[in-house]
Amino acid sequence: MKRNEFKSLISWILIFFLIFLFIRGIREMQVEKEIPYSEFKTILRQGKIVEVKLKNDIITGKFVDENQKIVQFKTYRVPEDTKLIEELETQKVRFSATADRGGWLWSVLLNFGPVILIFILWYLWTKQLQSGGKQAMMFGKTRARLYMGKNKSDVTFKDVAGCDEVKEELQEIIEFLKDPKKFQRLGGKIPKGVLLYGPPGTGKTLLAKAVAGEAGVPFFSASGSEFVEMFVGVGAARVRDLFEQGRRHAPCLLFIDELDAVGRHRFAGIGGGHDEREQTLNQLLVELDGFDTTEGVILIAATNRPDVLDPALLRPGRFDRHIVVPVPDIKGREEILKVHTRKVKLSPDVNLSIVAQRTPGFVGADLANLVNEAALLAARKNKDAVDMSDFDEAIEKVMAGPARKSRVISEREKKIIAYHESGHALVAKLTPGCDPVHKISLIPRGPALGYTLQLPAEDKYIISKQELINKISVLLGGRAAEKIVFNDMTTGAQNDLSKATEIATKMVTEYGMSEKIGPLTLRKREEEIFLGRDYLTREKMYSESTAKLIDEEIKNIIETCAKNVEKLLTDNINKLNALAQRVMEKEVLEAQEIDYIIQQN
Ligand code: ADP
Ligand code: MG
Ligand code: ZN
């Protein structure tokens, strides 16, 4: 128990005790009149006693006083007086004995049980509100934890692997934190807030700690979910407190984990707003605007869901630097494995690059878990060192685990994705006038399992019909490759198909590129529709027969493209195979290598 917690417990006990005394006092004042035994006997002889209860040495009961009022009394029996019962009988007083029910403690429990219960419940409740927190009554304090290994985080960039680009981007922040004055002198502007985003377990929290460790400054961290409390205003107070702490310890790093918990788009979601969260978010925005980087405080936040963040958070002067923390590729995975096996005894047959090959889709947290599992398995078998069979078993175990199930990519899936992406890339390479292919990647990004990155060679303001046809062809290349190689189709191409259909539809209805329909725009531009009113009229802009013709034309464009693409890929099946093979091995192929493979086969 921490000191503060202990203190509050003591004060609770005191309060409770005072209440107890108070109630007891009231009880005795009003309910029972304590009288000496002699007076009791006198009243008894006067025949004014109505009722008597005997309990050990205590006598309680009722008598009628001078004003004919019934008074409750209490007295202590003198043990030498053995004739009490006889006297009671001669006076015809009703008397009875009550069982001894355990004395003081019992009566306390009986009288105050409900009160105690309420107190205990309330205490637990407030404690739970703070979820493991410090003090029952200190609502407003952040539990921003100060990570101190001699006043700094002891994690450094050596502990983070497989994201060199991210580290490079963070380097500037480290330089600044090390010597804020230097930057001020040169008038340089440092981002106030850095937003790290990427899938869970890719090392965002770790990177933030490492930045503090590298710079040697204090690190305050709080999780967004801690700011969202049951009471309105508590979250906002905590935000204030976090920044307050930051100012006091500058230069330092403030870290808000899981920013999406507070930073969700306001007014979003069914059931209206969430007052508390909104207040907290507003407070966060106020603090972000109010603090000045020249003070030497930098804010880093992490999230898995940048898409749900309130746009206000991302405006310039707030979280204006965004850094993607990617899922590691095969080389990154090997690096991460190296980090985590530093303290593990490995047998010489362990080849970490093979382990990396067998773990597509694993993120840093999975790999850390994998190494741990392997070590546990080896220990269970009383081995001296962890060997390859332990790793194999551990891979299976981690893959089967609940957290991974949704992200597992099997060997067959990987092959399908490799062919799919190679299909896109090859069509783009072999069709004249297509945008150059920069990268093929099997690393998931957003909802797509893999992607082929095409970047236009120059900015374009008008697009020719042929270019649109090319775009559709490239989009169809993925499914065509799947169809040729596996003689089957998967759902993975759905996004491609809907994009292709959209382009074809625009060609026919907006750009007037269809021979049969001619140069007509049959659809209002999106903006106009957005303004309302046009919803109803829009449908009526063309007749049923034109609608049928439009559908036919769209179908025609897509089918012609699909046929051409399939022929193109079948004619170049060697190139496709070679490309897909290499993609499977390396997971990420850059432009040069893609060109090389296509030339060689
Ligand atoms: P996130 O915050 O992105 O969900 P974490 O930083 O909490 O992920 O990562 C959880 C754990 O996974 C870390 O403590 C670390 O052991 C391991 N880990 C994740 N990414 C890496 C990485 N790039 N290099 C080394 N270890 C990593
Ligand atoms: Mg995290
Ligand atoms: Zn695709």
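Let me sum up the structure you'll find in this document. (Residues numbered from 1 in each chain as written. Chains lettered and ligands numbered in written order. Predicted model: local features only at pLDDT ≥ 70, side-chain atom pairs only at ≥ 80, totals over all residues. Heavy atoms only, no water.)

Notes on a nonpolar patch on the surface
Move 1: Together, F17, L18 and L21 make up an exposed nonpolar region whose accessible area comes to about 290 Å².
Move 2: Inspection of the secondary structure puts L18 in helix α1 (residues 3-30).
Move 3: Look at L18 and you get exposed, because its relative accessible area is 54%. (Patch = residues over 30% accessible without salt bridge, like charges linked within 9 Å, V, L, I, M, F, W, Y side chains within 5 Å. Areas by Shrake-Rupley, 256 points an atom, 1.4 Å probe, with all protein chains shown as cover. Salt bridge = Lys/Arg side-chain N within 4 Å of Asp/Glu carboxyl O. Helix = DSSP H or I, 4+ residues; strand = E, 2+ residues; numbered from the N terminus. Buried < 20%, exposed > 50% of the residue type's maximum accessible area, 1.4 Å probe, protein only.)

Considering the pattern of salt bridges
Move 1: This structure, assessed with the given rule, holds 26 salt bridges.
Move 2: Among the salt bridges present, the one from R45 reaches E87, with a minimum N-O distance of 3.6 Å. One end of the pair, R45, is in helix α2 (residues 37-45); the other, E87, is in helix α3 (residues 84-90), with 42 residues separating them in the sequence.
Move 3: Between E566 and K483 there is a salt bridge, and its shortest N-O distance comes to 3.3 Å. Separated by 83 residues along the polypeptide, E566 in helix α21 (residues 544-571) and K483 in helix α17 (residues 465-486) bring together distant segments of the chain.

Comments concerning the packing of helix α5 (residues 164-178) against helix α7 (residues 204-215)
Pairs of packed helices are described in terms of their axes, by the angle between the two and the distance that separates them.
Move 1: Closest axis-to-axis distance for the α5/α7 pair is 9 Å, and the angle between their directions is 40°. One element, α5, and the other, α7, form an angle in the oblique class. Considering the relative orientation of α5 and α7, their crossing is right-handed. Residues V166, K167, L170, I173, I174, L177 and K178 of α5 form the contact with α7, whose participating residues are L207, V211, E214 and A215.
Move 2: Residues that form the contact of α5 with α7 fall into these classes: 8 nonpolar, no polar and 3 charged. (Axes fitted to C-alpha atoms, helices over the stretch in contact; angles between N-to-C directions. Parallel < 35°, antiparallel > 145°, perpendicular 65-115°, else oblique. Left-handed = near helix turned anticlockwise from the far one by under 90°. Contact = heavy atoms within 4.5 Å. Nonpolar A, V, L, I, M, F, W, Y, C, P; charged D, E, K, R; others polar.)

A few points about the coordination of the zinc ion (ligand 3)
Move 1: Within the protein, the atoms that donate to the zinc ion (ligand 3) are H420 (NE2), H424 (NE2) and D496 (OD), at distances of 2.1 Å.
Move 2: The sequence motif formed by the donor residues of the zinc ion (ligand 3) is H-x3-H-x71-D. A residue pair is termed a helical-turn pair when its members lie 3 or 4 positions apart in one helix, as H420 and H424 do in helix α16 (residues 411-430) at 4 residues.
Move 3: Exposure remark for H420: the relative accessible area of 7% places this residue in the buried category. (Donors = N, O, S within 2.8 Å, 3.2 Å for Na, K, Ca; no water.)

Overview of the sheet that holds strand β12 (residues 437-441)
Move 1: Here we have 3 strands laid out as an open sheet, ordered β13-β12-β14, and antiparallel in their pairing. Strand pairing shows two members of the sheet lacking a second neighbour, β13 (451-454) and β14 (588-590), which therefore form its edges. Strand-to-strand twist in this sheet, taken as the mean axis angle between neighbours without regard to direction, amounts to 10°.
Move 2: Note that β12 and β14 share 3 bridges and pair antiparallel. Looking at the pairing, S441 lines up with V588 of β14. (Pairing = 2+ DSSP bridges.)

Some thoughts on the side chain of T303
Move 1: Structurally, the position occupied by T303 is in strand β10 (residues 297-303).
Move 2: According to the relative accessible area criterion, T303 is buried, its value standing at 1%.
Move 3: Within the local environment of T303, its side chain forms a polar contact with the backbone nitrogen of R305, the two atoms lying 2.9 Å apart. (Polar contact = N/O pair within 3.5 Å; in protein donor to acceptor, adjacent residues only side chain to side chain.)

Things to note about the site of ligand 1
Move 1: Lining the immediate surroundings of ligand 1 are 15 residues, of which A161, G201, K204, T205 and H340 lie closest.
Move 2: Contacts to ligand 1 include A161, whose backbone N or O atom sits 2.7 Å from a nitrogen atom.
Move 3: Within the contact set of ligand 1, an oxygen atom lies 3.0 Å away from a backbone nitrogen or oxygen of G203.
Move 4: Here ligand 1 loses 78% of its free accessible area of 560 Å² to cover by the protein chains.
Move 5: Elements with a minimum of two residues in the shell around ligand 1: α7, α12 (330-340) and α14 (364-380). (Near = heavy atom within 4 Å.)

Digging into the packing of helix α18 (residues 494-509) against α21
Move 1: Contact geometry of α18 with α21 gives a least axis separation of 9 Å together with a crossing angle of 130°. Of the possible angle classes, the one that applies to α18 and α21 is oblique. The two elements α18 and α21 cross, and the hand of that crossing is right-handed. Along the contact surface, α18 presents A500, T501, A504, T505, M507, V508 and T509, while α21 presents I550, E553, I554, I557 and I558.
Move 2: In terms of residue class, the contact of α18 with α21 is made up of 8 nonpolar, 3 polar and 1 charged.

Describing the sheet that holds strand β4 (residues 70-76)
Move 1: Strand order in the open sheet formed by 5 strands is β1-β4-β3-β2-β5, with mixed pairing between adjacent strands. The outermost strands of the open sheet, each flanked by one partner alone, are β1 (33-34) and β5 (94-97).
Move 2: Where strand β2 (residues 49-55) meets β5, 4 bridges bridge the pair, whose relative direction is parallel. In the sheet register, E51 faces β5, and the bridge partner there is R94.

Concerning the packing of aromatic side chains
The geometry of an aromatic ring pair is captured by two quantities: the separation of the ring centres and the angle between the planes.
Move 1: Following the criterion strictly, the structure yields 9 aromatic pairs and no others.
Move 2: For the ring pair F16 and F119, a centre distance of 6.5 Å and an interplane angle of 75° mean the geometry is edge-to-face. Highlighted residues: F16 in helix α1 and F119 in helix α4 (residues 103-129), separated in sequence by 103 residues.
Move 3: You can call F16 partly exposed: its relative accessible area is 23%.
Move 4: Pairing F63 with F73 gives two aromatic rings, centres 5.8 Å apart and planes at 50°, and the pair type is tilted. One end of the pair, F63, is in strand β3 (residues 58-64); the other, F73, is in strand β4, and 10 residues separate them in sequence. Each of the two residues, F63 as well as F73, counts as buried. (Phe/Tyr/Trp six-rings, centres within 6.5 Å; stacked < 30°, edge-to-face > 60°.)

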